[in-house]
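Below are the chains, spelled out letter by letter.
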Protein chains: 2
Amino acid sequence: MALELFSHRPPDEVGLDDVAEAAGASRPLVYRYFAGGKQQLYEAALRSAAEELTDRFTVPPAGTPTQQLSAVLERYFSFVAEHDAGYSALLRGGSVVETARTSAIVDDVRRAALRRTLRHLGVRQAGPRLTLLVRSWIAVVEGASLSWLDEGRTLPVDELREWLVDQFVAMAAATALHDPQTAEVLAALLALEGPDSPRPARLRAVLGAAEG
Amino acid sequence: MALELFSHRPPDEVGLDDVAEAAGASRPLVYRYFAGGKQQLYEAALRSAAEELTDRFTVPPAGTPTQQLSAVLERYFSFVAEHDAGYSALLRGGSVVETARTSAIVDDVRRAALRRTLRHLGVRQAGPRLTLLVRSWIAVVEGASLSWLDEGRTLPVDELREWLVDQFVAMAAATALHDPQTAEVLAALLALEGPDSPRPARLRAVLGAAEG
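Residues numbered from 1 in each chain as written. Chains lettered and ligands numbered in written order. Predicted model: local features only at pLDDT ≥ 70, side-chain atom pairs only at ≥ 80, totals over all residues. Heavy atoms only, no water.

## Topic: the overall build of chain A
Then, in step 1: The secondary structure content of chain A amounts to 11 helices and 0 strands.
Then, in step 2: Listed by position from the N terminus, the elements making up chain A come as α-α-α-α-α-α-α-α-α-α-α.
Then, in step 3: Residues counted as buried form 52% of the 212 residues belonging to chain A.
Then, in step 4: Of the accessible surface of chain A, which amounts to about 9,600 Å², a share of 55% is contributed by carbon and sulfur atoms. (Helix = DSSP H or I, 4+ residues; strand = E, 2+ residues; numbered from the N terminus. Buried < 20%, exposed > 50% of the residue type's maximum accessible area, 1.4 Å probe, protein only. Areas by Shrake-Rupley, 256 points an atom, 1.4 Å probe, with all protein chains shown as cover.)

## Here we look at the layout of surface pockets
Then, in step 1: The calculated volume of the largest pocket comes to roughly 1,400 Å³.
Then, in step 2: Considering the residues around the largest pocket, the lining is formed by 47 residues, among which Arg 110 and Glu 142 of chain A together with Leu 91, Arg 110 and Glu 142 of chain B are closest to the centre.
Then, in step 3: Sorting the residues of the lining of the largest pocket by element identifies helix H6 (84-92), helix H7 (100-120) and helix H8 (128-150) of chain A together with helix H6 (84-92), helix H7 (100-120) and helix H8 (128-150) of chain B as the ones contributing at least two each.
Then, in step 4: It is H8 of chain A that provides the largest number of residues to the lining of the largest pocket, a total of 12 residues.
Then, in step 5: Here the residues of the lining of the largest pocket sort into 19 nonpolar, 12 polar and 16 charged. (1 Å grid on protein atoms, 1.4 Å probe; cavity = no way out; pocket = protein on both sides within 12 Å on 5 of 7 lines; lining within 4 Å. Points joined across faces, edges and corners; volume = space filled by probe spheres on them. Nonpolar A, V, L, I, M, F, W, Y, C, P; charged D, E, K, R; others polar.)

## A word on the UniProt feature "DNA-binding region" (unreviewed entry) in chain A
Then, in step 1: Those residues carrying the UniProt feature "DNA-binding region" (unreviewed entry) are residues 15-34 of chain A in this numbering.
Then, in step 2: Helix makes up 75% of residues 15-34 of chain A and strand 0%, whereas the separation of the span's terminal C-alpha atoms amounts to 11 Å. (UniProt positions renumbered as here; feature names shortened; annotations may be inferred.)

## Quick notes on the side chain of Glu 193 of chain A
Residues and elements named next belong to chain A.
Then, in step 1: Assignment of secondary structure puts Glu 193 in helix H10 (residues 180-193).
Then, in step 2: Residue classification places Glu 193 among the buried residues on the basis of a relative accessible area of 9%.
Then, in step 3: Here Thr 66 takes part through its side chain, which lies 2.7 Å from a polar atom of the side chain of Glu 193.
Then, in step 4: Leave out the neighbours within four places in its chain, and Glu 193 touches Thr 64, Pro 65 and Thr 66. (Polar contact = N/O pair within 3.5 Å; in protein donor to acceptor, adjacent residues only side chain to side chain. Contact = heavy atoms within 4.5 Å.)

## Brief notes about the side chain of Thr 182 of chain A
Then, in step 1: Position of Thr 182 of chain A relative to the elements: it lies in helix H10.
Then, in step 2: In this view, Thr 182 of chain A contacts Arg 129, Leu 130, Leu 133, Ala 172, Thr 175 and Ala 176 of chain A; residues no more than four positions away in its chain are not counted.

## Considering the packing of H8 of chain A against helix H9 (residues 157-176) of chain B
Each pair of packed helices can be described by the angle between their axes along with the distance between the axes.
Then, in step 1: Contact geometry of H8 of chain A with H9 of chain B gives a least axis separation of 13 Å together with a crossing angle of 45 degrees. On the basis of the axis angle, H8 of chain A is oblique to H9 of chain B. Pair H8 of chain A / H9 of chain B crosses with right-handed handedness. When H8 of chain A is examined against H9 of chain B, the residues Arg 129, Leu 132, Leu 133, Ser 136 and Val 140 of chain A are found in contact with a partner set consisting of Glu 159, Leu 160, Trp 163 and Met 171 of chain B.
Then, in step 2: Broken down by class, the residue content of the contact of H8 of chain A with H9 of chain B amounts to 6 nonpolar, 1 polar and 2 charged. (Axes fitted to C-alpha atoms, helices over the stretch in contact; angles between N-to-C directions. Parallel < 35°, antiparallel > 145°, perpendicular 65-115°, else oblique. Left-handed = near helix turned anticlockwise from the far one by under 90°.)

## A few points about the pattern of salt bridges
Then, in step 1: Scanning all chains against the criterion turns up 26 salt bridges over all chains.
Then, in step 2: Residue Arg 110 of chain A is joined to Glu 142 of chain A by a salt bridge in which the shortest nitrogen-to-oxygen separation is 2.7 Å. Taken together, the positions of Arg 110 of chain A in helix H7 and Glu 142 of chain A in helix H8 put the pair 32 residues apart, joining distant regions of the chain.
Then, in step 3: Residue class for Glu 142 of chain A comes out buried when judged on its relative accessible area of 13%.
Then, in step 4: The salt bridge partner of Arg 110 of chain B is Asp 107 of chain B, with a shortest N-O separation of 3.4 Å. (Salt bridge = Lys/Arg side-chain N within 4 Å of Asp/Glu carboxyl O.)

## A look at the packing of helix H4 (residues 37-55) of chain A against H7 of chain A
Residue and element names in this part refer to chain A.
Then, in step 1: The interhelical angle for the contact between H4 and H7, taken along N-to-C directions, is 5 degrees, at an axis separation of 10 Å. Looking at the two axes, H4 sits roughly parallel to H7. Across the interface between the two elements, Gln 39, Tyr 42, Glu 43, Leu 46, Arg 47, Ala 50, Leu 53 and Thr 54 of H4 pack against Arg 101, Thr 102, Ile 105, Val 109, Ala 112 and Arg 116 of H7.
Then, in step 2: A per-class count over the contact of H4 with H7 returns 7 nonpolar, 3 polar and 4 charged.

## So, the packing of aromatic side chains
All names here are of chain B.
Then, in step 1: Across all of its chains, the model carries 10 aromatic pairs over all chains by this definition.
Then, in step 2: Aromatic side chains Phe 77 and Trp 148 sit 5.5 Å apart centroid to centroid with 85 degrees between the ring planes, which places their arrangement in the edge-to-face category. With Phe 77 in helix H5 (residues 65-82) and Trp 148 in helix H8, the pair connects residues that are 71 residues apart, well separated along the chain.
Then, in step 3: By relative accessible area, Phe 77 is classed as buried at 3%. (Phe/Tyr/Trp six-rings, centres within 6.5 Å; stacked < 30°, edge-to-face > 60°.)

## A short note on H7 of chain B
Then, in step 1: In a regular helix each residue adds 1.5 Å, so 21 residues correspond to 30 Å; H7 of chain B covers 30 Å between its end C-alpha atoms and thus fits that length.
Then, in step 2: For H7 of chain B, the complete set of buried residues consists of Thr 102, Ser 103, Ile 105, Val 106, Val 109, Ala 112, Ala 113, Leu 114, Thr 117 and Leu 118 of chain B.
Then, in step 3: The secondary structure elements touched by the buried residues of H7 of chain B are H6 of chain A together with helix H4 (37-55), H6 and H8 of chain B.
Then, in step 4: Immediately downstream of H7 of chain B, the backbone of Gly 122 of chain B shows phi near 75 degrees, a positive value. (Expected span 1.5 Å × (residues − 1).)

## Side note on the environment of His 178 of chain A
Then, in step 1: Note that His 178 of chain A resides in the loop between helix H9 (157-176) and H10.
Then, in step 2: Looking at His 178 of chain A, its side chain comes within polar contact range of the side chain of Asp 166 of chain B, at 3.0 Å.

Structural data, given as structure tokens:
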């Protein structure tokens, strides 16, 4: 319920009185329960949102690797859509309720995303270049979802999701130039895509066309 | 001088007393000058750092587009190296001195980076997809420089710089699949690279090899 409030309004605009009103509870009761004030309430809401988001990282068992990635992104974007103002305020920083503790919760979510993605790629021990690739792609996903919110959701979310999957393949290809581990992971991933996957062929066509 | 202090220590650990000591000034003088306290001092230091960083975005007149991009990244990474702790604390968030005002300063730097990159690409009016591409690449640059600091600068900075240029080309190629404006910009950029540029050929080779 606090999560609901913090989802659609910037945290700086939510007060304990709003919580009491939304819950239909008496103000003294709410103030007694959240003796740590708004900060405590915000952190509790954030922790619950972080858990909900992390749950969505589970990869569905069916489909090719890029279809699975696309399915996870679909769940991620539905979370972003449901928690727009809160998501935006949290990742932007500069809110009065932001502390080292709230930053740590966000970092935990990022670490979970990194772990799940590496596991999905079948990697047990990632070297620094593969880690950098996956972290960078996660940063691109965050940035893209913030841009999507900023621009009033005008870009179709399906296109954005496909763009992010293509970005992953392209970024992995560029990383593979420098890193044998990434080259191996990418080759294994594209082999699982099957011969009909259009992704690598599409990317190659663009690079060829760009060269003229 | 305040910039110096905030560069190498997290802002939460710097006090006005440190400033007085570093400046060889009396404490009352420093406290009178920065009546707004540490917050005011931090914002002044941040503004001066933001100006310094923005100045480094100027593209050198000589070289191919990817060589110019690489030169700008070299200056960016030397800034990151000079302001390690401050840079890291600022972009990570959760510092007690972080406010809506400090976030706005950081956003201004990002906007300047976006503007300069688009100008470098010869773009007057960027559509939403090209804007998203450049913003995303800037997020990758930020993330990569934070990872580089986190891991004790073990990845060679020259490799990281070349990786980031390759990422730009790869991300642009993947965006061009969906967006004619980006396709045009990428084609123009690669035409300026000249026939000897190894970048597109290298990327194509990886995509081909990955397909098996």
